[in-house]
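Chain and residue survey
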Amino acid sequence: MTISYAWLMEYLPVNLSPDRLCLILNSIGLEVESLETFEEIRGGLQGLVTGEVLEVGKHPNADKLSLTRVRTTGGDPLQIVCGAPNVAVGQRVVVAPVGSTIYPLGGDPLTMKLAKIRGVESQGMICAEDEIGIGTSHDGIMVLPADTPVGIPAADVFKPYTDQVVSIGLTPNRSDAMSHLGVARDICAYLNHHEGLNLQVKSPLGAPLPAGNHTVPVTVSVLNPVACPRYSGVSISGVTVQPSPLWMQQRLKAIGLRPINNIVDITNYILHETGQPLHAFDADRIAGRKIIVQNLPGGTPFVSLDEKERKLDEGDLMICDGEGNPLCIGGVFGGLHSGVSHATRTVFLESAWFDPVSIRKSSFRHNLRTDAAARFEKGVDISQTVEVLRRAAALICAYGGGTIASDIVDVYPQPRQPVEVSFGF
């Protein structure tokens, strides 16, 4: 399990240093395997500064090189040989002076040295975005806004995200610690017991669902309540599929996930926040606006999200539409034609609880070892499906421009009573 230190701290009412955090985690059986620094941009742009191009002239010994003078401080301008075709007087640029190190995308670090290029001294480099890891363009040097101050650290301009990432080893019985909130609860319990405190996790759950309408009702029928004792869902209309907010992308990157779009990113964010897997369907592709949770005959073909056709086993629990078409292997993997795309405007969001044994068998049967399956097969909290659904739906409304378009559907025919544990001191 990978935990972002900055993300975790949002749920704790006290501040802990990374080292203290690791000591506590080891004390409560969440063995720390590593503590590493995450840098969104390798090197964090350390040593790079902003500059202003004062002069651009022809290199005396090379037709495709320019000889520039660049101001970075109140001292003498730097003489820099530049090969970019777009360099021009007056530009504000990123400069790697002698002694600084750049980290090109996909390349090894390079420390700037005083150099002679075609017989002319060069005191550093004017940088393209791919040369310092900010982007992929190598069409020319990166040109900053005209009002960018000269001589300030480049890190002050781009504010690259950094974090401490903790990898913890979990035994199979610790599904409660497969989320940032779960780990935060354990830490509070430790501090309360050992230091006589009375701390509570700062949970984002519990907020009411944003106001909406009832324009896209989706009905749910669970035909196998043993494999799916609880199924909750809600529709959200007017959604714009676009990049997720920067802060969410940064947190996902820190724990090793690639941002995709706001809808998918929110489901992944919630998974790692709460431990509850979610699935987002394109509601316009749900025939009859009806979800049927059932098993299909063995051999039924199903095209999964990875574009592979799989032959289903009769033991696979499937999420189907009103015509019986399979949309998803419940709790394991989505279908190619039912998921969210850039054309999606209405989402049906699923938050369910699936039987661990059923999930484990399907996951291994089809060699689909997903984050969702890993949590369902160890057991998640059946009591939180609706609460988590509200949290995720609110984020989609906030960052996808959506509107709640149905009541929450909650098929839970045999609610489980909370387990009471009696003990004495």
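One can find the structure itself at the top, above this paragraph.
Notes on the structure follow. (Residues numbered from 1 in each chain as written. Predicted model: local features only at pLDDT ≥ 70, side-chain atom pairs only at ≥ 80, totals over all residues. Heavy atoms only, no water.)

Some thoughts on the sheet that holds strand β17 (residues 290-295)
Strand order in this open sheet of five strands is β14-β17-β20-β21-β22, and the pairing throughout is mixed. Where the open sheet ends on each side, the last strands, each with one partner, are β14 (219-222) and β22 (333-334). The pairing of β14 with β17 spans four bridges and is parallel. Residue pairing across strands places T219 opposite K290, the latter belonging to β17. (Pairing = 2+ DSSP bridges. Helix = DSSP H or I, 4+ residues; strand = E, 2+ residues; numbered from the N terminus.)

Some remarks on the nonpolar core
The biggest cluster of nonpolar side chains holds 51 residues, and the ones touching the most others in it are L8, L25, V183 and I187. Aside from chain neighbours lying at most four places away, what touches V183 is I3, L8, L25, L30, I168, D176 and A177. Listed in part, the 38 residues of the second largest apolar core include Y231, M318, C328 and W353. (Core = buried A, V, L, I, M, F, W, Y, C linked by side-chain atoms within 4.5 Å. Buried < 20%, exposed > 50% of the residue type's maximum accessible area, 1.4 Å probe, protein only. Contact = heavy atoms within 4.5 Å.)

A word on helix α7 (residues 356-365)
Helical periodicity: at 3.6 residues per turn, an α-helix aligns residues three or four positions apart in one direction. Within α7, the full set of buried residues consists of P356, S358, I359, S362 and S363. The buried residues of α7 occupy one face: seen down the axis, they fall within an arc of 160°. In α7, the exposed positions angled more than 90 degrees off the buried face are occupied by K361 and F364. Buried residues along α7 sit in contact with β20 (317-320), β21 (326-329), β23 (347-353) and α8 (371-378). Just past α7, the residue N367 takes up positive phi, approximately 55°. (Arc of directions from axis to C-beta.)

A look at the packing of helix α6 (residues 262-274) against helix α9 (residues 385-400)
Packing of α6 against α9 brings their axes to within 10 Å, and their N-to-C directions diverge by 145°. Considering how the two elements wind past one another, α6 and α9 form a crossing that is right-handed. Across from N262, I263, I266, Y269, I270, E273 and T274 in α6, the residues of α9 making contact are V388, R391, A392, L395, I396, Y399 and G400. In terms of residue class, the contact of α6 with α9 is built from nine nonpolar, three polar and two charged. (Axes fitted to C-alpha atoms, helices over the stretch in contact; angles between N-to-C directions. Left-handed = near helix turned anticlockwise from the far one by under 90°. Nonpolar A, V, L, I, M, F, W, Y, C, P; charged D, E, K, R; others polar.)

Comments concerning α8
With respect to burial, α8 is a largely interior element, six of its eight residues being buried. Taken together, the buried positions of α8 are occupied by A372, A373, A374, R375, F376 and E377. Turning to α8, the residues buried within the fold contact α6, β23 and α7. Positive backbone phi, approximately 100°, marks G379, located one or two places after α8.

Notes on the environment of P210
Along the chain, P210 falls in the loop between α4 (180-195) and β14. According to the relative accessible area criterion, P210 is partly exposed, its value standing at 28%. Each C-alpha atom of the pair P210 and A398 lies 9.6 Å from the other, and the pair is 188 residues apart in sequence. Among all residues touching P210, those that are not within four sequence positions of it are A394, C397 and I404.

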